[in-house]
Structure formats: C-alpha cells, structure tokens
Amino acid sequence: MTRTRSVSPKSIEACEDKRSDQRLLHKWTRYSSAKLEEVEETLLSALRKPFESLFVEVGQCVGTNDKIRTVALNRESDQIPVLLLHGLGAGVGLWVLNLDAIAEHRPMYAIDILGFGRSSHPKYDPDPVAAERQFVASIEAWRKAVGLKKMYILGHSMGGYLACSYTLSHPERVAGLILADPWGFMETPARIKRKYWIRILYRTARKMNFYPLTVVRMAGPTAAWILSRRRTDITSRFEAIVPDERIVADYLHLVNAQKPSGETGFCAIQKNFGWPINPMLRRVDQIDPTIPMTFIYGSESWIDFEAGKVTKEKRPASYVEVKIIDQASHHLYADFPEIFNQHVNDACFVYDKRINSAPNKVIELAEE
C-alpha cells in the first residue's frame, strides 16, 4: 500500500496529529491520540489503492482552529467525487470495506465529521438550530478548503441526516445523495411520547451531561474488551481484512473515549434518546427537485425504511430510489460490503448519466 501526500491548498496539511501523542484526556479512559492513529493505520493498511491522509483546516466553524480528518483516494479522476459521512460514534476507519470499490470509478473523500474521530473536538452550541448549522458550516468549509465544486454525498445514519441538511443549505454543491440507513427522518413515535418516564429520564440524563457514548468512557480500559464481545455485529465483519478483530474494538473505543464533542452536537438536534427534534421528512420536499436521491436500507435494521417510501411520495417529480439489502443490519456497509458498494456505484452511474444527458448541463468539479 502506497501513501501519498497533498501538495495543494495551504489549508490541507499532511497527516500529522498536532495533539500530544501520549496526552490522556482522563487517566481512566486511557485515550491516546498516538494509539488511535496506530489503530486507524492498521485498518487503512488493508486498502489496495493508494490514499492520501490529511488534516484539512476549516477555521472557526465551531472552535477556534478546527481541522477535519480526511482520507482521499483517486483524486486525479475527472469524475464527480463522493464525500462519505459516517454515523454517530464512527469514523473513517469503518469505511475500509467500501473505499477501494467506490474510488474505483471516481474521487472519494471520507472524513471524520467535526467533533468525531481524529478531527478537532470543539464544543457545539446546545441550541438545535445552531448546532445543525454548525455541522453544515463545517462540511461547507471543508468543501471550500479541498476545492470541490460539486459532489455526491453518501451518508450513513446521522451522516445521512447531515447530508440532507447540507443539501438544503447548499443545493448548488450537491449532484446527488445516497442515504444509507439514514437517521433522523421520522417523527418521535406516539408510543414514546406517551411514556412520561422516558421524558423524565431523558431530561435527567441531559442535566447530568450523560451523552450517548458516556458508557464507553465510563468503562475506561475495559471498554475495548467489552466492545469486542458486545458489538460482534460490527467487529466480526472485518475479520477478512484485519489480523485481529480486537483492532476494530480498539478503534471504536478510541474514537469514542475522547471528550464528547460531536456527541454534544448530536444531543442538541435529538430528543428522547435518539429522535430528531426537526425530522427530515418535514423538510425533504424542500430539497432541490433536480437532486437525485437513493436510499439503501438493511432489512434487519432498527431504522424505519418507510422514510424512503414517504420521501418518494413527497418528491413525485424527482428521482428517488429505495434499495433494501436482505438480512443486513444498521451497519449494512459492513454486513454485505459487495452488495452495498454495488448499490452505491450504481447510484453514482445513474446520476452521472442523468447529468451527462441533461441539455446544456456543465459540471465544474473544482473551484477556480
């Protein structure tokens, strides 16, 4: 595997973590940026294609000097690039089963969303509207720094929600959406609203600053061991490419052992333990009708795939496709990577064809 370095915009740096290699945010968590880098590199070493490992400076999006961790492949291609946005508690390393296949045909960028993984960890605004805007602003600042004019966005879970939110704000930058088991479309179910104790427990957790991944930090040095046994639905999927499945457990532990940052942003936009404050189905019909959308769901996922069908009804004049991968869970990209990658590439090919057949349609891929 060959690693290359970027030599263009000054806002893009070679991959060097500026934080102290051995600084521990809390002795109990045993977090080390050097260890996270090592584990991530072990995962990415499974890639067959050369890749660039970068930190992209995005300025004062949320903090004072934010940087977004980026992995890029096939940047020399003149096709429309794909940006990958992960879900809550994840990072670029979990896309390792998908990167080669998607980058086979076009430029591909995977980022640690600001506040997650090896990106900067600023404090998000607790207001739901402000926090969502900060997520969107960080993606737009990243796009400007990298110099992309147009892109397809592939978002998983929370990343799917943010992909749609970004598209609502910057439709001229999005050539197509691919939403993999997207979170945040549906309203809070009536059965949840009726349970008063859930609301009380949720408010208590918020007052105590108890975040979704607090339990990982509370587990301290035992967290990786617990994850290796309790989250085999994820760790076992990487057995073919990593020598030890504990590598994935270590990665999940280390990306979430840091101080909560992206989690605080997520908590600002959700309520009642995981339901969106401003569901995307309320707004999906406001997305530019010329932007195509493809939903990919796992048949065994906890995400309600009715959202894809409802979106199709709400956008009758638009291209909306719904794909379901049989026997796949919420982590469908790892459950059946070959099928998932084919769906993603097929969607991109369809989008390419639509763009190329459009009259007087010219797509500029890079900023001047």
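Residues numbered from 1 in each chain as written. Predicted model: local features only at pLDDT ≥ 70, side-chain atom pairs only at ≥ 80, totals over all residues. Heavy atoms only, no water.

As named in an unreviewed UniProt entry, the protein is AB hydrolase-1 domain-containing protein, taken from Anopheles sinensis.

Considering unusual backbone geometry
Of note in the backbone geometry, Asn74 takes a positive phi value of approximately 55 degrees without being a glycine. Even without a glycine there, the phi angle at Gln327 is positive, about 70 degrees. Position of Gln327 relative to the elements: it lies in the loop between strand 12 (320-325) and helix 13 (332-335). Of the residues examined, Gln327 reaches a relative accessible area of 56% and is grouped as exposed. (Helix = DSSP H or I, 4+ residues; strand = E, 2+ residues; numbered from the N terminus. Buried < 20%, exposed > 50% of the residue type's maximum accessible area, 1.4 Å probe, protein only.)

Things to note about the nonpolar core
One broad trend across soluble globular proteins is that nonpolar side chains are buried collectively. In terms of nonpolar packing, the biggest core is built from 50 residues, with Trp142, Leu177, Phe185 and Met293 touching the most fellow members. Looking at this core, the element that brings in the most residues is helix 3 (residues 128-146), giving 8 residues. When neighbours within four sequence positions are excluded, Trp142 is seen to be in contact with Val56, Val58, Ile68, Thr70, Leu83, Tyr109, Ile111, Leu148 and Met151. Within the second largest apolar cluster, 48 residues are counted, among which are Val71, Val92, Leu94 and Ile325. (Core = buried A, V, L, I, M, F, W, Y, C linked by side-chain atoms within 4.5 Å. Contact = heavy atoms within 4.5 Å.)

Describing the pairing of strand 12
As paired strands, strand 11 (residues 293-298) and strand 12 are joined by 6 bridges and run parallel to one another. Bridged to Tyr297 within strand 12 is Ile324. Viewed along the sheet, the connection from strand 11 through helix 12 (residues 306-314) into strand 12 turns out right-handed. (Pairing = 2+ DSSP bridges. Right-handed = clockwise from strand over helix to strand, strands pointing away.)

Brief notes about helix 4 (residues 158-169)
For helix 4, which comprises 12 residues, the first-to-last C-alpha distance of 17 Å matches the rise-based estimate of 16 Å (1.5 Å per residue) to within 8%. For helix 4, every residue scored as buried is listed here: Met158, Gly159, Gly160, Tyr161, Leu162, Ala163, Cys164, Ser165, Tyr166 and Thr167. (Expected span 1.5 Å × (residues − 1).)

A look at the packing of helix 1 (residues 33-44) against helix 10 (residues 246-256)
Closest axis-to-axis distance for the helix 1/helix 10 pair is 9 Å, and the angle between their directions is 140 degrees. If you check the angle between helix 1 and helix 10, you find them oblique. Crossing of helix 1 against helix 10: the hand is left-handed. Counting all contacts with helix 1, which are made through Lys35, Leu36, Val39, Glu40, Thr42 and Leu43, the residues of helix 10 involved are Ile247, Val248, Asp250, Tyr251, Leu254 and Val255. Residue composition of the contact of helix 1 with helix 10, grouped by class: 8 nonpolar, 1 polar and 3 charged. (Axes fitted to C-alpha atoms, helices over the stretch in contact; angles between N-to-C directions. Parallel < 35°, antiparallel > 145°, perpendicular 65-115°, else oblique. Left-handed = near helix turned anticlockwise from the far one by under 90°. Nonpolar A, V, L, I, M, F, W, Y, C, P; charged D, E, K, R; others polar.)

A look at the pattern of salt bridges
Counting across every chain of the model gives 14 salt bridges. Close ionic contact of Asp335 with Arg237 constitutes a salt bridge, the shortest N to O distance being 2.7 Å. With Asp335 in helix 13 and Arg237 in the loop between helix 9 (232-235) and helix 10, this pair connects stretches of sequence that are 98 residues apart. Note on Asp335: relative accessible area 11%, which makes it buried. Residue classification places Arg237 among the partly exposed positions, given a relative accessible area of 33%. The network of salt bridges with common partners includes Glu37, Glu40, Arg69 and Arg118. (Salt bridge = Lys/Arg side-chain N within 4 Å of Asp/Glu carboxyl O.)

A look at the packing of aromatic side chains
Following the criterion strictly, the structure yields 10 aromatic pairs and no others. The interplanar angle of 45 degrees and the centroid separation of 5.4 Å between the aromatic rings of Trp95 and Tyr333 together place this pair among those described as tilted. With Trp95 in the loop between strand 5 (82-85) and helix 2 (99-103) and Tyr333 in helix 13, this residue pair connects regions lying 238 residues apart in the sequence. Assigned by exposure class, Trp95 and Tyr333 land together as buried. On the basis of an interplanar angle of 55 degrees and a centroid distance of 5.1 Å, the ring pair of Tyr161 and Trp183 is categorised as tilted. (Phe/Tyr/Trp six-rings, centres within 6.5 Å; stacked < 30°, edge-to-face > 60°.)

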